[in-house]
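Per-entry structural report
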Amino acid sequence: MKLGLILGDQLSATLPTLRALDRRHDCLILAEVGTEASYVPHHPQKIALLFSAMRHFAEDLRQQGWQVIYHAYDPDAPQQTLFDVVRQLCDQRHFSELHLTECGEYRLMTELRTWPTRLGIPVRIYADDRFVCSIPEFRQWASGRQQLRMEYFYRDMRRKTGLLIDKGQPVGGQWNFDSDNRQSWRGEPALPPQLTFVRDDIDRTVVALVQRHFAHHPGSLAQFRWGTTREQALSALSHFIEYRLPWFGTYQDAMVNGEDTLFHSLLAPYLNCGLLSPLEVCRAAEQAWRDGRAPLNGVEGFIRQIIGWREYVRGIYWLKMPGYAQENALGNTRPLPRFYWDGDTRMHCMAECFRTTFDNAYAHHIQRLMVTGNFALLAGITPEVICEWYLAVYADAYDWVELPNTLGMVMHADGGVLGSKPYAASGNYIHKMSDYCGHCHYNVKTATESDSCPFNSLYWHFMARHRERFASNPRMTMTYRSFDRMNPGKREQILRRGEQLLQDLDAL
């Protein structure tokens, strides 16, 4: 008899492990273990989503005729690692082989490769073909290229999948409609209705368990609204296609006080744990455009996020690890300010993004990139600690997707692998794309006063201290020209204000 291990982000009926084994003779194991739930302080909603989804998936497998062993979380159990659980099971049942699909985290994948020796049985590891681009295929694509630009990778993935392609050419005559997707939302059109799910006994049991054992982790379970089954994930997809996709593209960069989701899909947690597949999601969006139910700019932007960006950062992760995790090209050394964990700051944009993060285990990509991420970039936070924070607080965060996004895209710590320039911005960007500034203690219009928006002076301080690195960047020459044209006295005041802020970030 063979044993198949299914991890918490592998809740897919098409998983290679399931295809390789025989439900009549072989056995499956799913395990909730302490080390995986707490190696960073994961948001309680993320833990609840995964534990409940795993339990539902195990029940589905049993109904399909599989023999499933399920190790439920128990803080007092001697088995607190995946290896402990599997080793005990192998000792008891004497399995001939262990089968599993490659996991999404270098840390765990490295450990799994030691298991054949430690278990004393063969361990067969299958490539995860739920992605559009395999790891070897991405490595081949990257080979010989001086710059690994996502846009060119995305075009190749469009050609490969045929998504939004007619007669070999992109529909609409262009590959990218991003210039149409940057409007702020001012109250119209009406926001979509909230999707809710009926909770069953599994959900209720898991939420109580997580509340009992993980309430000390950052975040609240009070507004736990995530679907925990394949059927609920499909309902979330249908809801997005009908109510959100028509406006998703136009307002995908918008931020609004008190509105946590706007027109965003909220599908990433389901994609990343396996309840939805990337191609089924993209094809549903494409069909909505072909049926006239959604505009091309939004559908293209959504598909680009999935077969472009999502696949691209996974490729970068496996291409560059393990050294990638230690990159710190800007030499950052500052610790993470305490308000990243408690949300208590007078910067309203930051406080609002922290609120939705802790309430929902969610914030959309602009909140992550241009508010909480932008602040960490400008303040010179050590990449390792801000990466740990992003991994901890979001329901869709897994190392393969979080690390390149944070270390590369947010912090520019990889020296430009993911982006040709840092995504640094003053408070003016936040003011343009949101209504946050009207609720703030600080003044977004000034940069030198005691109540000036911290983003303004920190932006110019960042530019000044990294001038040697960025002044020759063609995408940043205008920024430095503007800096040089400033009144010398004002420039000195801005830099002094920035330095003062950096001395006591916790006070903001």
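Just so it is clear, the structure is predicted and the values come from calculations on it, not from any experiment.

Calculation rules
- Residues numbered from 1 in each chain as written.
- Predicted model: local features only at pLDDT ≥ 70, side-chain atom pairs only at ≥ 80, totals over all residues.
- Heavy atoms only, no water.
- Helix = DSSP H or I, 4+ residues; strand = E, 2+ residues; numbered from the N terminus.
- Buried < 20%, exposed > 50% of the residue type's maximum accessible area, 1.4 Å probe, protein only.
- Contact = heavy atoms within 4.5 Å.
- Lys, Arg positive; Asp, Glu negative; His and termini not counted.
- Charge placed at Lys NZ, Arg CZ, Asp CG, Glu CD.
- Salt bridge = Lys/Arg side-chain N within 4 Å of Asp/Glu carboxyl O.
- Pairing = 2+ DSSP bridges.
- Axes fitted to C-alpha atoms, helices over the stretch in contact; angles between N-to-C directions.
- Disulfide = S-S within 2.5 Å.
- Phe/Tyr/Trp six-rings, centres within 6.5 Å; stacked < 30°, edge-to-face > 60°.
- Lys NZ or Arg CZ within 6 Å of the ring centre and 35° of its normal.

This part covers the overall build of the protein. Along the protein, the regular secondary structure elements total 23 helices and 7 strands. In the protein, which comprises 508 residues, the proportion classed as buried is 58%. Sequence separation of at least 24 residues holds for 77% of the intrachain contacts in the protein that already meet a minimum separation of 6. Put simply, the protein has 55 plus and 57 minus side-chain charges, and the middle of one group is 6 Å from the middle of the other.

Opposite charge on two side chains lets them pair, provided their charged atoms get close. Scanning the entire structure with this criterion turns up 29 salt bridges. Its salt-bridge partner being Arg290, residue Asp166 comes within 3.4 Å of it at the nearest N-O pair. Within this pair, whereas Asp166 is found in strand β6 (residues 165-166), its partner Arg290 is found in helix α12 (residues 278-290), the two being separated by 124 residues in sequence. Exposure remark for Asp166: the relative accessible area of 38% places this residue in the partly exposed category. According to the relative accessible area criterion, Arg290 is partly exposed, its value standing at 37%. Close ionic contact of Arg304 with Asp178 constitutes a salt bridge, the shortest N to O distance being 3.8 Å.

Let us look at the pairing of strand β1 (residues 2-5). The side chains of a regular strand alternate between the sheet's two faces. As judged from the 4 bridges shared by β1 and strand β4 (residues 97-101), these two strands associate in the parallel manner. Residue pairing for β4: Lys2 is matched across the bridge by Glu97. Summarising the sheet, β1 and strand β2 (residues 27-31) pair through 3 bridges and their orientation is parallel. Bridge pairing links Leu5 to Ile29 in β2.

Looking now at the environment of Gly249. By secondary structure assignment, the location of Gly249 is in the loop between α10 (230-248) and α11 (268-273). Since its relative accessible area comes to 1%, Gly249 is described here as buried. Taking the C-alpha atoms as reference points, Gly249 and Met463, 214 residues apart in sequence, are found 31 Å from one another. Leave out the neighbours within four places in its chain, and Gly249 touches Asn181, Asn297 and Gly298.

So, about the sheet that holds strand β3 (residues 67-71). Ordered by their spatial adjacency, 5 strands build an open sheet running β3-β2-β1-β4-β5, and the pairing between neighbours is parallel. Edge positions in the sheet fall to β3 and β5 (123-126), since each of these pairs with one other strand and no more. Along the sheet, successive strands turn relative to each other by an average axial angle of 25°, direction set aside. Direction of pairing for β4 relative to β5: parallel, over a ladder of 4 bridges. Each residue of the ladder has a partner; that of His99, found in β5, is Arg124. Across the sheet, helix α4 (residues 82-93) is in contact with β1, β2, β3 and β4; its angle to β2 comes to roughly 150°.

Defined simply, a disulfide is a covalent bond joining two cysteines at their sulfur atoms. Tallied over the full model, the rule gives 0 disulfides. The thiol sulfur of Cys27 is not disulfide-bonded, and the nearest other cysteine sulfur, from Cys90, lies at 9.9 Å. The class for Cys27 is buried, based on a relative accessible area of 0%.

This paragraph deals with the environment of Ala127. Inspection of the secondary structure puts Ala127 in the loop between β5 and α7 (135-142). Looking at Ala127, the relative accessible area reads 53%, which means it is exposed. When the C-alpha atoms of Ala127 and Thr17 are compared, they prove to be 9.5 Å apart, with 110 residues separating the residues in sequence. When residues no more than four places from it in sequence are discounted, the contact partners of Ala127 are Pro16, Thr101 and Glu102.

Let us now look at the packing of aromatic side chains. Given two aromatic rings, their pairing is described by the distance between the two centres and the angle made by the two planes. Applying the stated criterion across every chain yields a total of 32 aromatic pairs. Ring geometry for Phe339 versus Phe354: centroids 6.2 Å apart, planes at 45°, classification tilted. Residue Phe339 is found in helix α14 (residues 339-342), and its partner Phe354 is found in helix α15 (residues 348-360); the two are separated by 15 residues along the sequence. Phe354 shares its class with Phe339; the two are buried. Linked through ring pairs, Phe339, Tyr340, Phe354, Phe358, Phe375, Trp389, Tyr390, Tyr394 and Phe455 together constitute an aromatic cluster. One Lys or Arg, Lys46, reaches over the ring of Tyr398 and ends 4.9 Å from the middle of that ring. A cation over an aromatic ring shows up here: Arg368 above the ring of Tyr394, its NZ or CZ 3.8 Å from the ring centre.

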